[in-house]
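The chain contents come next:
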Amino acid sequence: MAAVISASGLSRHYGELKAVDQVSLEVEEGSLFGLLGPNGSGKTTMIRMLTGQVRPTSGSAHVLGIDVVANSVQVRQQIGIIPEQETPPSFLTAEEYLAFVGSIRKIPAVQEKADWWFDFLEFSDKRDVLCKDLSRGTRQKLMFAQAFLHRPVLALIDEPLINFDPVMQKTVKGYLKEYVRDGGTIFLSTHILEIAEEICSDVAIIHKGRLVHTGPVAGILGQQQHLADFFLEAVGKGSHA
Ligand SMILES: Nc1ncnc2c1ncn2[C@@H]1O[C@H](COP(=O)(O)OP(=O)(O)OP(=O)(O)O)[C@@H](O)[C@H]1O
Ligand SMILES: [Mg+2]
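Residues numbered from 1 in each chain as written. Chains lettered and ligands numbered in written order. Predicted model: local features only at pLDDT ≥ 70, side-chain atom pairs only at ≥ 80, totals over all residues.

Visitor: Sorry, what's going on with the overall build of the chain here?
Guide: A count of helices and strands for the chain gives nine helices and 10 strands. By the compact-globule yardstick of 18 Å for 241 residues, the chain fits well, its C-alpha radius of gyration being 18 Å. Across its three principal axes, the chain shows a C-alpha extent of roughly 50 × 40 × 35 Å. With 241 residues in all, the chain has 39% of them scored as buried. Contacts in the chain between residues at least 24 apart in sequence constitute 66% of all its contacts with a sequence separation of at least 6. (Helix = DSSP H or I, 4+ residues; strand = E, 2+ residues; numbered from the N terminus. Rg over C-alpha atoms; globule rule 2.2 N^0.38 Å. Buried ≥ 20, exposed ≤ 12 C-beta atoms within 10 Å, placed from the backbone. Contact = placed C-beta atoms within 7 Å.)

Pasting the structure below:
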């Protein structure tokens, strides 16, 4: 299997702070890869570097074989992104926003695809509402739809499920599982370890910017350990730490 994400010694420093410190990892095609870590451990910074939004201080990364520093625009054209806590433009309606994304990404039959998303995520009744007047969860639905509207082969999504109710979490988990079954790859950060345990094929754990674990979830569960217990031990907060 080919690596669709490959990072080598990737670091981002802010003054003295090593937000991400010498992280090397590979994400294989068809995996549902979860990036876990405590608040401030560097997950968002990692995703921003892999999507060409933040320049690494040192190290390198290739996404779909493309150098994210030298060719960040090319990377962003090919992938789907849900940035952390991003909201769609306040002055557009939900429908206008998806049309806007469709025109920038040159997506054929965008109206049809947008209709599918309104229907699938159950917010057709909000299509004509200005984004500023949407609830937080509905804005998140819109951000989810924009990331997958062009059916990218790879999506990097930063805490995508946090604002969803249990019904919507189930819908979205189902979508992500099917998406990787169809050959797509997902790289997601999350604090919801039950969800990571349920849907991720592989996880990486970062702590204070350093990679402390990477490997298949099956390996962790095979040791009869829940991901949550494993996580707490990995970040030094477990009962045996
Ligand atoms: N632009 C910036 N300038 C200065 N420090 C930053 C900047 N961006 C991130 N940091 C710092 O880098 C560290 C890692 O932040 P990051 O947002 O990547 O963490 P995270 O793992 O995504 O946390 P959370 O789980 O809370 O979302 C934090 O200490 C943060 O304050
Ligand atoms: Mg974050």
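Visitor: It is not clear to me how the nonpolar core should be interpreted in this structure. Could you clarify?
Guide: If you look at soluble globular proteins, the nonpolar side chains tend to sit buried side by side. Residues Val 23, Met 46, Leu 50, Val 63, Leu 156, Ile 186 and Phe 187 are the most contacted members of the largest nonpolar core, which totals 62 residues. Sort the elements by how many residues they give to this core and strand S2 (residues 17–28) lands first, with five residues. When near neighbours in sequence (up to four residues on either side) are disregarded, Met 46 contacts Val 20, Val 23, Leu 35 and Ile 206. (Core = buried A, V, L, I, M, F, W, Y, C linked by C-beta atoms within 7 Å.)

Visitor: Mind showing me how you'd approach the site of ligand 1 here?
Guide: Taken together, the neighbourhood of ligand 1 is formed by Tyr 14, Leu 17, Ala 19, Gly 37, Asn 39, Gly 40, Ser 41, Gly 42, Lys 43, Thr 44 and Thr 45. For the shell around ligand 1, the secondary structure elements donating two or more residues are S2 and helix H1 (43–50). Of all the elements, H1 adds the most residues to the shell around ligand 1, at three residues. Residue classes in the shell around ligand 1 are distributed as three nonpolar, seven polar and one charged. (Near = placed C-beta within 6 Å. Nonpolar A, V, L, I, M, F, W, Y, C, P; charged D, E, K, R; others polar.)

Visitor: Could you clarify how one ought to interpret the sheet that holds strand S1 (residues 3–14) in this entry?
Guide: Strand pairing in a sheet relies on backbone hydrogen bonds, with the paired strands running either antiparallel or parallel. If you trace the four strands from one edge of the open sheet to the other, you get S2-S1-S4-S5, paired in antiparallel fashion. Among the strands making up the open sheet, the edge pair consists of S2 and strand S5 (66–67). Where S1 and S2 come together, eight bridges link them in antiparallel fashion. Residue pairing in the sheet places Ala 7 in a bridge with Leu 25 of S2. (Pairing = 2+ DSSP bridges.)

Visitor: Looking at this structure, I do not really get the environment of Val 172. What am I missing?
Guide: Mapped onto the secondary structure, Val 172 falls in helix H6 (residues 166–181). The buried category is assigned to Val 172, around which 21 C-beta atoms lie within 10 Å. Separated by 12 residues in the primary sequence, Val 172 and Pro 160 place their C-alpha atoms 9.1 Å from one another. Setting aside its immediate chain neighbours within four residues, Val 172 contacts Phe 144, Leu 161 and Phe 164.

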